[in-house]
Amino acid sequence: MPADEVLRPGRDGATVDLVFESGGGSWPAAALLVVRALAMLLAVGFAFLPAGILVVAVAVIVGATLVGAVTVCGALWAAAVLLLWPFLAVAEVRSVRRVQFTPAGAPTELRFVRGARAGAWAPISGLRRIQLAESVEEPYEGDPAPAVRTLTVTVVTTTGGEGPRSAPKGTDADALQRALEDLLGPAGVAVVRRTERRTRRKPSAPSGGGWVYGGSGSANSGGGFSGGG
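Draft legend 1. Spatial organisation of the side chain of Arg98. Considering the arrangement of structural elements, one finds Arg98 in strand E3 (residues 96-102). Separated by 3.4 Å, the side chains of Arg98 and Asp17 make a polar contact. Not counting residues within four places of it along the chain, the set of residues in contact with Arg98 comprises Asp17, Leu18, Val19, Phe20, Gly23, Gly24, Arg111, Phe112 and Val113.

What follows is the structure, encoded as structure tokens:
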């Protein structure tokens, strides 16, 4: 994914936004996040529908009526959704969706935008550093599957900061690092990057009557810190 989808101009052009998740920043947007939280729970509940059918079948076999078994399972499922929904909704509303820097050309202030509202602007001097942690799982010799890369971003401030947060899958770590250095370097903010590499575990050859899973240990190599600022 291009870095400019993670670090991109704000809607009004006056800011540059480091985007963790889309949406947020207002109470109408927060209401949508609350609805989304309910939809996620319902989707998870439907994913366990086969298990529910199995429970109903067992209950009927041991003597329960079909209507009674379905009613009890349905009530338990609804109760679980209603109990978990507030916790998930609060997490969505309070989660940081993006970090804004202003003015766009040479930032002097930043603020955290959460699901429900944007925080107060604070001096850029309160931003200590931005950490990029990249993990690379490389294929073993002869493995046709490509390498798998994951990237997390941590914003460290004098009051704690935010993160680590996962960058979208496929984010170009090199491009994102350069873009952050270009934006924040003049303000004296360090962009620190750590890369950890390991080799994917190779499955063992079949032995005897079946497969034995396990394999060689992974090779680990940790990249050093690099970054401007």
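Draft legend 2. Quick peek at the sheet that holds strand E1 (residues 7-9). Within the open sheet, the 5 strands sit side by side as E1-E2-E3-E4-E5. Their pairing is antiparallel. Whereas interior strands pair on both sides, the edge strands pair on one side only; in this sheet they are E1 and strand E5 (122-123). Two elements, strand E4 (residues 109-114) and E5, share 2 bridges in a ladder whose sense is antiparallel. Looking across to E5, one finds that Leu110 is bridged to Ala122.

Draft legend 3. Molecular detail of the layout of surface pockets. When its volume is computed, the largest pocket comes out at roughly 440 Å³. In terms of lining residues, the largest pocket is bounded by 17 residues, among which Gly45, Phe48, Gly52, Cys73 and Trp77 are the most central. For the lining of the largest pocket, the elements supplying multiple residues, two or more each, are helix H1 (27-47), helix H2 (49-61) and helix H3 (66-94). A breakdown of the residues in the lining of the largest pocket according to their chemical character gives 14 nonpolar, 3 polar and no charged. Taken as a whole, the second largest pocket encloses approximately 270 Å³ of empty space. Along the walls of the second largest pocket sit 18 residues, with Phe112, Ala120, Ala122, Thr157 and Thr159 positioned nearest its centre. Breaking the lining of the second largest pocket down by element, the ones donating at least two residues are E4 and E5. Considering every element that reaches the lining of the second largest pocket, the biggest residue donor is E4, with 4 residues. Split by residue class, the lining of the second largest pocket holds 7 nonpolar, 7 polar and 4 charged.

Draft legend 4. Molecular detail of the pairing of strand E2 (residues 16-19). What you see with E2 is no split at all: Val16 and Leu18 on one side and Asp17 and Val19 on the other are buried throughout. Bridging between E1 and E2 involves 3 bridges; their strand directions are antiparallel. Looking at E2, one finds that Pro9 is bridged to Val16. The antiparallel hairpin formed by E1 and E2 contains 6 residues in its connecting segment, where Gly13 sits at a positive phi of about 80°. Here 4 bridges tie E2 to E3, and the two strands are oriented antiparallel to one another. Opposite Val16, over in E3, you have Phe101 as the bridge partner.

Draft legend 5. Structural context of the nonpolar core. Leu18, Phe101, Leu127, Ile130 and Leu184 are the most contacted members of the largest nonpolar core, which totals 25 residues. Looking at this core, the elements with two or more residues in it are E2, E3, E4, strand E6 (127-138), strand E7 (148-157) and helix H4 (173-184). By residue number, the principal contributor to this core is H4, which donates 5 residues. For Leu184, the residues in contact, after removing those within four places along its chain, are Phe101, Pro107, Ile124, Leu127, Ile130 and Val189.

Draft legend 6. Geometry of a nonpolar patch on the surface. A cluster of nonpolar side chains, Phe46, Leu49, Ile53 and Trp77, forms an exposed patch at the surface whose accessible area comes to about 430 Å². Take Phe46: it is sitting in helix H1.

Draft legend 7. Representation of the pattern of salt bridges within the structure. Scanning all chains against the criterion turns up 15 salt bridges. Between Glu21 and Arg36 there is a salt bridge, with its nearest N and O atoms 3.9 Å apart. With Glu21 in the loop between E2 and H1 and Arg36 in helix H1, this pair connects stretches of sequence that are 15 residues apart. With a shortest N-O distance of 2.4 Å, Asp143 and Arg200 are connected by a salt bridge. Residue Asp143 is found in the loop between E6 and E7, and its partner Arg200 is found in the loop between strand E9 (190-199) and strand E10 (220-222); the two are separated by 57 residues along the sequence. Of the residues examined, Asp143 reaches a relative accessible area of 14% and is grouped as buried. Where salt bridges share partners, they join Glu21, Arg36, Glu92, Arg97, Glu162 and Arg165 into one cluster.

Rules of the game
- Residues numbered from 1 in each chain as written.
- Predicted model: local features only at pLDDT ≥ 70, side-chain atom pairs only at ≥ 80, totals over all residues.
- Heavy atoms only, no water.
- Helix = DSSP H or I, 4+ residues; strand = E, 2+ residues; numbered from the N terminus.
- Polar contact = N/O pair within 3.5 Å; in protein donor to acceptor, adjacent residues only side chain to side chain.
- Contact = heavy atoms within 4.5 Å.
- Pairing = 2+ DSSP bridges.
- 1 Å grid on protein atoms, 1.4 Å probe; cavity = no way out; pocket = protein on both sides within 12 Å on 5 of 7 lines; lining within 4 Å.
- Points joined across faces, edges and corners; volume = space filled by probe spheres on them.
- Nonpolar A, V, L, I, M, F, W, Y, C, P; charged D, E, K, R; others polar.
- Buried < 20%, exposed > 50% of the residue type's maximum accessible area, 1.4 Å probe, protein only.
- Core = buried A, V, L, I, M, F, W, Y, C linked by side-chain atoms within 4.5 Å.
- Patch = residues over 30% accessible without salt bridge, like charges linked within 9 Å, V, L, I, M, F, W, Y side chains within 5 Å.
- Areas by Shrake-Rupley, 256 points an atom, 1.4 Å probe, with all protein chains shown as cover.
- Salt bridge = Lys/Arg side-chain N within 4 Å of Asp/Glu carboxyl O.

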